[in-house]
Structures are given as structure tokens and as C-alpha cells.
There are 2 protein chains.
Amino acid sequence: MASIKDVAKRANVSTATVSRVLRNTGNVTEETRQRVLEAIEALNYQPNVLGRYLRRMETETVLVVVPDITNPFFSKVLRGIEAVALKHGYQVLLGDTQNDARLEEQYLNVLPQRQVDGMIFLTARIRKELMEEMARQFPIVLACEYLEGTDIPTVSIDNISSARKATEHLIRLGHRRIAHLSGPMDVILSRDRLRGYYQALAQHEIEVDAALVQEGDFTYESGYHLTLKLLALEKPPTAIFAANDEMAIGAVKAIRHRGGRVPDDVAVVGFDDIHMASIFEPSLTTIAQPMFEIGQKAMELLLRLIEGIDVERRQLVLPDRLVIRDSCGGGRSV
Amino acid sequence: MASIKDVAKRANVSTATVSRVLRNTGNVTEETRQRVLEAIEALNYQPNVLGRYLRRMETETVLVVVPDITNPFFSKVLRGIEAVALKHGYQVLLGDTQNDARLEEQYLNVLPQRQVDGMIFLTARIRKELMEEMARQFPIVLACEYLEGTDIPTVSIDNISSARKATEHLIRLGHRRIAHLSGPMDVILSRDRLRGYYQALAQHEIEVDAALVQEGDFTYESGYHLTLKLLALEKPPTAIFAANDEMAIGAVKAIRHRGGRVPDDVAVVGFDDIHMASIFEPSLTTIAQPMFEIGQKAMELLLRLIEGIDVERRQLVLPDRLVIRDSCGGGRSV
DNA sequence: GATGGTGATGTAATCGATTACATAATCGAG
DNA sequence: CTCGATTATGTAATCGATTACATCACCATC
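Values in this document were obtained by computation on a predicted structure and should not be read as measured data.

**Considering the protein's contact with DNA strand C**
Turning to step 1, where the next piece is worked out: Around DNA strand C sit 27 residues in total, of which A:Ile4, A:Tyr45, A:Arg52, A:Arg55 and B:Asn27 are the nearest.
Turning to step 2, where the next piece is worked out: Close to the protein, within 4 Å, the atoms of DNA strand C belong to sugar or phosphate groups at a rate of 64%.
Turning to step 3, where the next piece is worked out: A:Tyr45 places a polar side-chain atom, nitrogen or oxygen, 2.6 Å from a phosphate oxygen of DNA strand C.
Turning to step 4, where the next piece is worked out: For the surface near DNA strand C, the secondary-structure elements that each account for two or more residues are helix 2 (15–23) and helix 4 (49–56) of chain A together with helix 2 (15–23) and helix 4 (49–56) of chain B.

The structure is reproduced here in C-alpha cells:
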């Protein structure tokens with residue numbers, strides 16, 4: 001494998017000159033430039049990036065930590081990140097924690113080890129102090145999630161208000177017994193959506209029934225099983241607000257398997273607006289998050305942190321939108 | 001940021017000894033070992049992996065090139081790769097080409113640049129000669145796809161026979177006008193599935209009608225629109241075999257929008273058995289690929305190539321399975 | 001007591017590129 | 001014609017770890 005020295009020898013110049021040609025820095029006459037390029041061509045030379053990384057102490061690589069890459073929501077956000085990364089010549093390393101919080105903390109180590117220039121977390125179950133300490137020293141951005149009481153740069157939507165919006169929509173349609181399929185309570189996003197749900201109930205003076213709130217884990221399966229549980233209640237809900245679309249689809253299926261109809265017997269609202277939400281029948285009423293844009297903004301923010309540009313607005317809240325479809329009845333069908 | 005020198009100084013040893021402690025190689029007395037560990041602890045030292053990489057000329061990282069990470073099929077394969085990689089201390093770099101063949105060739109360059117120790121391609125639209133030349137010099141494994149007439153290590157199913165199986169199932173149910181929604185013709189996998197479809201027709205002496213074969217791109221949207229086209233034919237098909245589940249779902253939706261019922265008016269068979277295939281209504285009859293296992297095997301194969309172990313069976317064909325559900329009628333419902 | 005083996009540690013080369021600094025050549029202004 | 005600026009190129013240090021090789025101490029064996 002040819003190295004820069006071989007190229008230098010063949011072109012009859014120093015390695016410094018070869019490097020200058022490679023990186024297009026400094027002054028090189030067109031003539032030597034050509035000689036170097038010819039040598040590169042002849043030797044089929046490819047610069048070894050490890051040498052460069054070590055010397056420059058940067059890898060132009062960012063790590064994205066995802067809780068679950070098979071979840072379409074995250075892969076869409078990832079796409080946004082990739083788009084911006086590619087445009088700026090950065091590579092994206094993927095860390096899939098498969099919902100394991102310990103793995104999450106492990107990934108944090110790649111920063112001091114200098115393996116990447118920065119990180120984006122699409123999950124935030126790491127101990128707050130640890131995360132804060134790292135964020136002080138290295139470029140880190142949280143997307144979708146955030147950590148309470150920190151000023152770690154964040155891109156997300158306002159989960160509380162959107163959950164409130166979703167719940168209010170059901171109330172407006174006349175529902176009073178509204179259940180909530182929450183996400184895991186150790187992620188803030190789930191707690192926020194639950195809070196929004198509570199706020200909506202309170203605002204309309206609807207009493208909270210603890211039995212109507214069930215903690216899931218964002219999977220179809222959990223949505224399905226928890227809904228069976230809800231339907232077995234003495235006074236089952238007439239509407240279900242699920243913390244994501246996959247659980248909402250699970251809910252619909254469970255209702256059907258029990259002989260119920262959606263939305264006639266039970267109305268269902270989801271969250272995220274994944275592709276399947278509009279395809280599934282009945283199409284899901286849901287909160288649309290700008291997934292791609294969240295990814296873009298997060299990466300843009302990260303780039304500014306890496307480049308040491310002072311970031312004025314560190315906490316970005318993007319707009320979301322209630323998309324009314326067929327799964328909750330009442331509204332017009334889109 | 002502390003380096004190995006700082007640790008050495010503090011522990012009153014040479015950097016060589018620190019390295020020995022870090023890597024657990026060579027002989028070190030328990031006493032100095034402790035001193036070194038204390039120094040590491042005190043300085044909060046993390047080894048800079050770039051130095052290590054350069055010296056050892058390996059990164060314990062593999063690159064996985066995916067045509068579309070938002071496609072659940074690929075993310076499932078990726079999971080299998082990750083599982084094995086993690087167990088062997090390898091990191092996984094993700095390259096999402098977003099179906100751009102040029103990007104695919106670009107990714108190939110990270111190998112001679114020594115950025116990764118090996119690559120797995122879940123797509124193979126690269127020029128054959130180029131790919132072969134690289135595969136001769138570096139560890140490369142193809143998964144799902146393969147390149148005709150090469151002996152590049154590959155893990156996949158037998159797409160021809162499984163497509164034949166799927167088509168035959170429809171024939172057995174009495175269908176004679178069977179359409180095929182193919183994938184893009186520049187990927188071999190699509191051509192193989194088309195071939196299997198043709199074989200089944202030939203075997204049962206059913207004439208091929210060119211109008212019944214439509215080239216899609218594996219997306220829901222293409223499945224939807226091509227099916228509308230099929231339904232507008234003078235003699236529309238009574239069954240549709242789609243080259244993947246997402247197009248199959250698109251087909252079902254199109255049939256419904258035209259007032260048809262599935263499977264009563266038109267039977268539909270998919271391919272891959274993604275999660276949604278069993279959830280969607282009607283549940284999809286489809287070819288189940290062992291996605292996770294494909295990933296695992298591919299990574300295992302790659303590891304052996306990286307470690308220079310002679311690989312006897314370079315081309316691995318895994319078993320697939322026809323899963324009969326509701327979308328094609330006739331069979332029992334699962 | 002000489003010899004050789006083993007274990008613990010240190011010295012310094014090395015991986016491949018980048019870049020601060022040095023040097024040489026060229027040019028233009030006064 | 002000289003001086004300083006500018007341009008082109010080279011020399012060598014550097015990034016941080018790993019490791020071949022050297023050294024030294026200690027012990028066992030004959």
C-alpha cells in the first residue's frame with residue numbers, strides 16, 4: 001500500500017508538498033502539482049486517514065446514538081442528520097443501544113477517546129451529571145429528548161403542548177373516558193406526553209382515572225397488550241391516546257380483536273406521524289413531528305459546536321401539528 | 001487532555017509499561033500495575049484511539065452500506081450485524097446511500113484509506129470489476145445481494161426459488177392472470193425474483209403478459225401507483241406478486257381505492273415478512289427472510305475474512321419460508 | 001561460580017500524515 | 001543594485017499509542 005512517502009519520492013518532491021497538493025493548502029506551482037497528481041495516479045495512492053486524524057486530532061465523524069434503529073421515527077431523524085453531515089463532509093457513525101441505557105453511557109466514551117468530533121443523542125437516559133460533564137467538554141446535542149434543568153443544546157418539539165393538543169381533540173369530540181398508553185417512564189419525552197394528557201383533562205375538569213394510564217415501551221406489542229387490559233376494565237375507555245403511532249396501531253388491532261370498531265366504539269390518536277400512520281386503516285389521527293428537520297437542525301447545531309462557533313439559541317423547539325384522520329372519528333377525513 | 005505520557009510520568013514508569021497495563025499484554029508486576037491504574041484513575045485518562053489505530057493499522061470498525069435505512073428490512077439485517085459486531089468488540093459505521101449508486105462507489109474508498117477493517121454491502125450496484133478488485137484486496141461481504149460470476153463472499157436467500165414458490169402458491173389457488181411488481185431492474189435481487197416468477201408461469205404453461213410486469217422501486221408509493229396502472233388494464237390481473245411487502249401494501253391500498261377487495265377480487269403476495277406484514281389488514285402472505293440471521297452470518301463471515309482465516313464456504317444461502325396469511329385467500333389464516 | 005533462562009521494565013523506532021519553521025528563489029520597488 | 005516581500009519547497013517535529021529490541025535483576029542448574 002503506497003504511502004505519502006512513495007508519492008513524494010516518485011514525484012521528486014517532499015512529503016510536505018504532496019500534502020499541500022492533497023489538502024489544497026499553501027502554494028504549489030501548477031507544474032509540480034501535476035507531477036504529484038501523476039504520481040498519485042500511478043501509485044493508485046489513497047491517503048491513510050488515520051495518520052491525518054491523529055495529527056489533526058479530528059475525525060470529521062459524528063456519532064448518533066439511537067435507542068432503536070428499527071423504529072421508523074428514528075431512522076427518519078437519522079436521515080436528516082445524514083443529509084446535513086454529508087453536505088459538510090462529515091461521516092455518521094451509528095450507535096444503536098437497543099434500548100439499553102448502559103450501552104448509552106458506554107457510547108459516551110468515544111468522545112474523550114477522540115474517535116468522533118461530536119455526538120447526537122436521540123435518547124437521554126444517561127445520568128444527568130455525567131452527561132452535563134461531558135457536554136461541558138465536548139460537542140453534544142440532544143434531539144427529541146432533553147435533560148431537565150440543563151442547558152445542553154437540544155432540538156425537539158414541545159411534547160407537553162402537543163400531547164395536550166391531542167387529548168383536547170378527543171375531549172372536543174365528546175370523549176370523557178380517555179386512556180393514555182404512555183412510553184417508558186424513564187424517558188422524559190414519555191413523562192411530558194403524560195403531563196400534556198393530564199393538563200388537558202384538568203383543563204376540562206375531567207377526573208383522572210389511574211387505571212386508564214398504562215405504561216408501554218413504544219412497541220406495537222405493548223400497545224396491543226395494554227389495550228386488551230384497558231378493554232377488560234369494568235368501565236373501559238371510549239378513546240385512547242397513545243404516545244406513539246406503533247402503540248396506537250397495536251391499540252387498534254386489540255380493539256378489533258375484541259370485536260370493537262375504530263373509531264365508532266373506541267377512538268384512537270397516535271403520535272409521530274410515521275409513514276404507516278397514513279397507510280394503516282383506519283388512518284391514524286396523530287401528532288406530526290418534523291422528523292427530518294429535527295435531524296437537520298440537530299446536526300447543524302452540532303456542527304456549530306464543533307467549530308466552536310458561539311451558539312446563541314441552544315434549545316430549539318420545532319413546531320408540530322395535529323393531523324386529523326380517520327382513527328378518531330368526528331373530524332374530516334384526510 | 002491527559003496522554004499516555006502523563007500517566008507514565010505520574011506512575012513513574014515508561015509509556016511502554018502503561019501500554020502493557022492498558023492492553024493486558026506482557027508481564028507487569030501487580031504492584032506497578034496498581035500504580036499505573038491509580039494514575040489512570042487520578043488523571044481520568046482515556047486512551048486516544050487514533051494513536052492506537054495508526055500504529056496497529058486497524059480500527060476494529062466495519063462499514064455497512066445500506067441502500068435505505070428507513071426500510072425496515074435493512075434495519076433488521078443491520079441489527080443482526082450489530083449483534084455479532086458488538087460481541088466481538090467491533091464498531092459499526094453506517095453508510096446510507098439513499099439509493100444512490102454513486103455514493104455506493106464512494107464508500108468503497110474508506111477501505112484503502114484504512115478507515116475500517118472491512119465492509120458489508122446490503123446493496124450491490126457497483127461496477128463488478130471495481131468491486132472484485134477491492135474484494136481481492138480487502139475484506140468485503142455482500143448480504144442479500146450478490147454479483148453474478150464472482151466469488152465475493154455472500155450471504156442471501158435463493159431469491160429465484162422463493163419467488164417461484166410465491167408465484168406457484170397463487171397458481172395453486174387458481175390464478176392465471178398474475179401480475180408482478182418488481183424492484184428496480186438494476187439490482188440483481190429484483191431480476192432474480194422476476195426470474196422466479198417467470199419460471200413458475202412457464203412451469204404451469206401460463207403465457208407471459210408483458211403488461212402484467214411493472215418495475216417499481218420497493219417503496220409503498222410505487223406499489224400503489226403501479227397497481228392503479230394494472231387495474232386500469234383491459235384485462236386486469238386477479239393476483240399480484242410484489243417483490244417486497246411495502247409495495248404489496250401499496251397494492252392492497254390501490255385495489256381498495258378502486259373499490260376492490262383483497263383477497264376476494266385480487267390476491268396479493270409480498271416478500272420479506274417485515275413486522276407490518278402480519279399487522280396490516282389483510283395480513284400479508286409473504287416470503288419470510290431470516291433478516292436478523294442474514295446480518296449475523298454476514299458479520300461472522302466478515303470477521304473471518306478480517307482475521308485472515310480461510311473461509312471455505314464463501315457463498316451462504318439461507319432458508320426462506322412462504323408464510324400464508326390472509327391477503328391471498330384460499331389458504332388458512334395465520 | 002559461570003551460564004542461561006525468565007521476568008520486569010525501559011528506550012526508541014514506528015505507523016502516515018500535517019505543519020511550523022527554515023531556506024532558497026524570484027520579483028518589484030526605490 | 002539592493003532590500004524586503006512573496007512564493008515555492010524542503011526539513012523535521014509532531015500527534016499518541018504500540019512494540020521490537022535492549023537491559024538489568026534474579027534465580028536455577030550444572
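**Overview of the side chain of B:Glu82**
Turning to step 1, where the next piece is worked out: In this fold, B:Glu82 is placed in helix 5 (residues 72–87).
Turning to step 2, where the next piece is worked out: A polar contact of 3.4 Å, which involves the side chain of B:Glu82, links it to the side chain of A:Gln98.
Turning to step 3, where the next piece is worked out: With residues near it in sequence (within four places) discarded, B:Glu82 still touches A:Leu94, A:Asp96, A:Gln98 and B:Val92.

**Observations regarding the pairing of strand 4 (residues 140–143) of chain A**
All names here are of chain A.
Turning to step 1, where the next piece is worked out: Neither face of strand 4 is open: one carries Ile140 and Leu142, the other Val141 and Ala143, and all of them are buried.
Turning to step 2, where the next piece is worked out: Pairing geometry for strand 3 (residues 118–121) and strand 4, over 3 bridges, is parallel. Counterpart to Met119 in the pairing with strand 4 is Ile140.
Turning to step 3, where the next piece is worked out: Since strand 3 and strand 4 lie parallel, the crossover through helix 7 (residues 128–137) that links them has a hand, and here it is right-handed.
Turning to step 4, where the next piece is worked out: Note: strand 4 against strand 5 (residues 154–157), 2 bridges, orientation parallel.

**Looking at the pattern of salt bridges**
Turning to step 1, where the next piece is worked out: Inspection of every chain in the model, using the stated rule, returns 36 salt bridges over all chains.
Turning to step 2, where the next piece is worked out: With its nearest N and O atoms 2.6 Å apart, the salt bridge here joins A:Asp320 to A:Lys165. You can see A:Asp320 sitting in the loop between strand 11 (315–318) and strand 12 (321–323) and its partner A:Lys165 sitting in helix 8 (residues 159–172), a full 155 residues away along the chain.
Turning to step 3, where the next piece is worked out: For B:Glu105, the salt bridge is made with B:Arg127, and the minimal N-O distance between the two is 2.9 Å. Highlighted residues: B:Glu105 in helix 6 (residues 101–108) and B:Arg127 in the loop between strand 3 (118–121) and helix 7 (128–137), separated in sequence by 22 residues.
Turning to step 4, where the next piece is worked out: Since its relative accessible area comes to 48%, B:Arg127 is described here as partly exposed.

**Some details on the relation of the copies chain B and chain A**
Turning to step 1, where the next piece is worked out: The transform that puts chain B on chain A rotates by 180° and translates by 0.0 Å along the axis, for an RMSD of 0.0 Å. Both copies of the chain, as the preceding transformation shows, are related through a two-fold rotation axis. Judged by C-alpha distance, B:Leu93 is the residue of chain B that lies nearest the rotation axis, at 2.3 Å.
Turning to step 2, where the next piece is worked out: With an isologous cut-off of 70% or more, the 100% of interface residues of chain B that recur at the interface of chain A puts this contact in the isologous class.

**Some thoughts on helix 3 (residues 30–43) of chain A**
For an α-helix, the turn length of 3.6 residues means that residues three or four places apart are oriented alike.
All names here are of chain A.
Turning to step 1, where the next piece is worked out: Here helix 3 is 14 residues long and its end C-alpha atoms lie 20 Å apart, about the 20 Å a rise of 1.5 Å per residue gives.
Turning to step 2, where the next piece is worked out: Every buried residue of helix 3 is listed here: Thr32, Val36, Ala39 and Ile40. Taken down its axis, helix 3 places every buried residue within 100° of arc, on the same side. Exposed and facing more than 90 degrees away from the buried side of helix 3 are Glu31, Glu38 and Glu41.
Turning to step 3, where the next piece is worked out: Tucked into the core, helix 3 has its buried residues touching helix 1 (4–11) and helix 2.
Turning to step 4, where the next piece is worked out: One or two residues past the end of helix 3 sits Asn44, with phi positive at roughly 55°.

**Some thoughts on the sheet that holds strand 10 (residues 285–288) of chain B**
Residues and elements named next belong to chain B.
Turning to step 1, where the next piece is worked out: Strand order in the open sheet formed by 6 strands is 7-6-8-9-10-12, and the pairing between neighbours is mixed. Unpaired on one side and paired on the other, strand 7 (213–215) and strand 12 (321–323) mark the two borders of the sheet. Shown here is a sheet whose adjacent strand axes are inclined to one another by a mean of 20°, direction ignored.
Turning to step 2, where the next piece is worked out: Relative to strand 8 (residues 239–242), strand 6 (residues 178–182) is paired through 4 bridges, and the arrangement is parallel. Looking at the pairing, Ala179 lines up with Ile240 of strand 8.
Turning to step 3, where the next piece is worked out: Those strands touched by helix 9 (residues 188–203) are strand 6, strand 7, strand 8 and strand 9 (267–272), and its axis lies near 170° from that of strand 6.

**A closer look at the sheet that holds strand 6 (residues 178–182) of chain A**
Whenever strands of a sheet pair, they do so through backbone hydrogen bonds, lying parallel or antiparallel.
Residues and elements named next belong to chain A.
Turning to step 1, where the next piece is worked out: Reading across the sheet, the 4 strands line up as 7-6-8-9 and stay open at both edges, with parallel pairing between neighbours. Across the chains shown, the open sheet's two edge strands, defined by having one partner strand only, are strand 7 (213–215) and strand 9 (267–269). Ignoring which end each strand starts from, the neighbouring axes of this sheet average 15° apart.
Turning to step 2, where the next piece is worked out: Pairing of strand 8 (residues 239–242) with strand 9, which is carried by 3 bridges, proceeds in the parallel orientation. Looking across to strand 9, one finds that Phe241 is bridged to Val269.
Turning to step 3, where the next piece is worked out: The strands touched by helix 10 (residues 220–231) within the sheet are strand 6, strand 7 and strand 8, with strand 6 carrying the most contacts at an inclination of about 150°.

**Considering the interface of chain B and chain A**
Turning to step 1, where the next piece is worked out: Chain B puts 50 residues into the contact, and the matching count from chain A is 50 residues.
Turning to step 2, where the next piece is worked out: Broken down residue by residue, the surface that chain B buries against chain A is led by B:Gln46, B:Leu50 and B:Arg79, which jointly contribute 14%.
Turning to step 3, where the next piece is worked out: At the junction of chain B and chain A, the tally comes to 8 salt bridges.
Turning to step 4, where the next piece is worked out: Salt-bridge contacts for A:Lys253 lead to B:Glu281; the nearest nitrogen and oxygen are separated by 3.1 Å.
Turning to step 5, where the next piece is worked out: Our count for the contact surface shared by chain B and chain A stands at 24 residue pairs in polar contact (both at pLDDT 80 or more).
Turning to step 6, where the next piece is worked out: Secondary structure elements with two or more residues in the side of chain B that touches chain A: helix 4, helix 5, strand 2 (91–96), helix 7, helix 10 (220–231), helix 11 (245–257) and helix 12 (275–279) of chain B.
Turning to step 7, where the next piece is worked out: Considering each element in turn, the side of chain B that touches chain A owes the most residues, 6 residues, to helix 5 of chain B.
Turning to step 8, where the next piece is worked out: Residues belonging to the side of chain B that touches chain A are distributed by class as follows: 23 nonpolar, 16 polar and 11 charged.

**Describing the pairing of strand 3 of chain B**
Residues and elements named next belong to chain B.
Turning to step 1, where the next piece is worked out: Side-chain alternation along strand 3 places Gly118 and Ile120 on one buried face and Met119 and Phe121 on a second face that is also buried.
Turning to step 2, where the next piece is worked out: One ladder, built from 4 bridges, connects strand 1 (residues 61–66) with strand 3; its direction is parallel. Across the sheet, residue Leu63 finds its bridge partner in strand 3, namely Met119.

**Here's the deal with the protein's contact with DNA strand D**
Turning to step 1, where the next piece is worked out: Around DNA strand D, the structure places 27 residues, and the nearest of them are A:Asn27, B:Ile4, B:Tyr45, B:Arg52 and B:Arg55.
Turning to step 2, where the next piece is worked out: In DNA strand D, the atoms that sit within 4 Å of the protein are 64% sugar and phosphate, with bases accounting for the remainder.
Turning to step 3, where the next piece is worked out: One of the side-chain nitrogen or oxygen atoms of A:Thr29 is found 2.9 Å away from a phosphate oxygen of DNA strand D.
Turning to step 4, where the next piece is worked out: Here a phosphate oxygen of DNA strand D sits 3.0 Å away from a polar atom, N or O, in the side chain of A:Thr32.
Turning to step 5, where the next piece is worked out: Elements that contribute at least two residues to the surface near DNA strand D include exactly helix 2 and helix 4 of chain A together with helix 2 and helix 4 of chain B.
Turning to step 6, where the next piece is worked out: Its residues assigned to classes, the surface near DNA strand D comprises 9 nonpolar, 12 polar and 6 charged.

**Focus: the environment of B:Gly308**
Residues and elements named next belong to chain B.
Turning to step 1, where the next piece is worked out: With respect to the helices, strands and loops of the structure, Gly308 is situated in the loop between helix 13 (291–306) and strand 11 (315–318).
Turning to step 2, where the next piece is worked out: The exposure class assigned to Gly308 is exposed, which follows from its relative accessible area of 60%.
Turning to step 3, where the next piece is worked out: Residues Gly308 and Pro139, 169 residues apart in the sequence, show an inter-C-alpha distance of 8.9 Å.

**Focus on the nonpolar core**
Taken as a class, soluble globular proteins show a tendency for nonpolar side chains to be buried jointly.
Turning to step 1, where the next piece is worked out: Core analysis: the largest hydrophobic core is formed by 161 residues, its most contacted members being A:Ile120, A:Leu122, A:Met299, B:Ile120, B:Leu122 and B:Met299.
Turning to step 2, where the next piece is worked out: With residues near it in sequence (within four places) discarded, B:Leu122 still touches B:Val64, B:Val65, B:Val66, B:Pro67, B:Phe74, B:Val77, B:Ile81, B:Ala143 and B:Glu145.
Turning to step 3, where the next piece is worked out: Among the nonpolar cores identified, the runner-up in size contains 42 residues, and A:Phe138, A:Ile140, A:Leu147 and B:Leu93 belong to it.

Conventions and cut-offs
- Per-chain numbering applies: the sequence of each chain, read as written, is numbered from 1 onward.
- Labels are handed out in written order, letters beginning with A for the chains and numbers beginning with 1 for the ligands.
- pLDDT decides what is reported in this predicted model: residues at 70 or higher carry local features, side-chain atom pairs at 80 or more are listed and counted, and totals for whole chains, interfaces and linings draw on all residues regardless.
- Side-chain metrics in this entry use all non-hydrogen atoms of the structure; hydrogen atoms and water are not considered.
- The near set for a molecule or strand comprises every residue that places at least one heavy atom within 4 Å of it.
- Think of a polar contact as two N or O atoms within 3.5 Å of one another; within protein, one of them needs to be a possible hydrogen donor and the other a possible acceptor, and neighboring residues in sequence only count if both atoms come from side chains.
- What counts as a helix is a DSSP run of H or I of at least four residues, what counts as a strand is a run of E of at least two, and both are numbered from the N terminus.
- Here a residue-residue contact requires only that any non-hydrogen atoms of the pair lie within 4.5 Å.
- Relative accessibility thresholds used throughout: buried, under 20% of the residue-type maximum; exposed, over 50%; partly exposed, between the two (1.4 Å probe, protein chains only).
- In this scheme, strands are said to pair when DSSP sees at least two bridges between them.
- Here is how to tell: hold the view so the strands point away, follow the path from the first strand over the helix to the second, and if it runs clockwise the crossover is right-handed.
- Here a salt bridge means any side-chain nitrogen of Lys or Arg lying within 4 Å of a carboxyl oxygen belonging to Asp or Glu.
- Here the copies are matched by least squares. The fit uses the C-alpha atoms of residues with pLDDT of at least 70 in both.
- Given a helix with a known number of residues, its expected span is that number minus one, times 1.5 Å.
- An arc is given here, and it is the one of the directions from the helix axis to the C-beta atoms.
- Axes here refer to lines fitted to C-alpha atoms; in helices the fit is confined to the stretch in contact. Angles between the N-to-C directions go from 0 to 180 degrees.
- When two parts are put together, the accessible area they lose, computed with a 1.4 Å probe and summed over both, is reported as buried area.
- Each residue is assigned to one class: nonpolar for Ala, Val, Leu, Ile, Met, Phe, Trp, Tyr, Cys and Pro, charged for Asp, Glu, Lys and Arg, and polar for all the others, Gly among them.
- Remark: nonpolar core denotes a set of buried residues (Ala, Val, Leu, Ile, Met, Phe, Trp, Tyr, Cys) joined through side-chain atoms within 4.5 Å.

So far we have only geometry, and geometry alone does not tell us how the molecule works.
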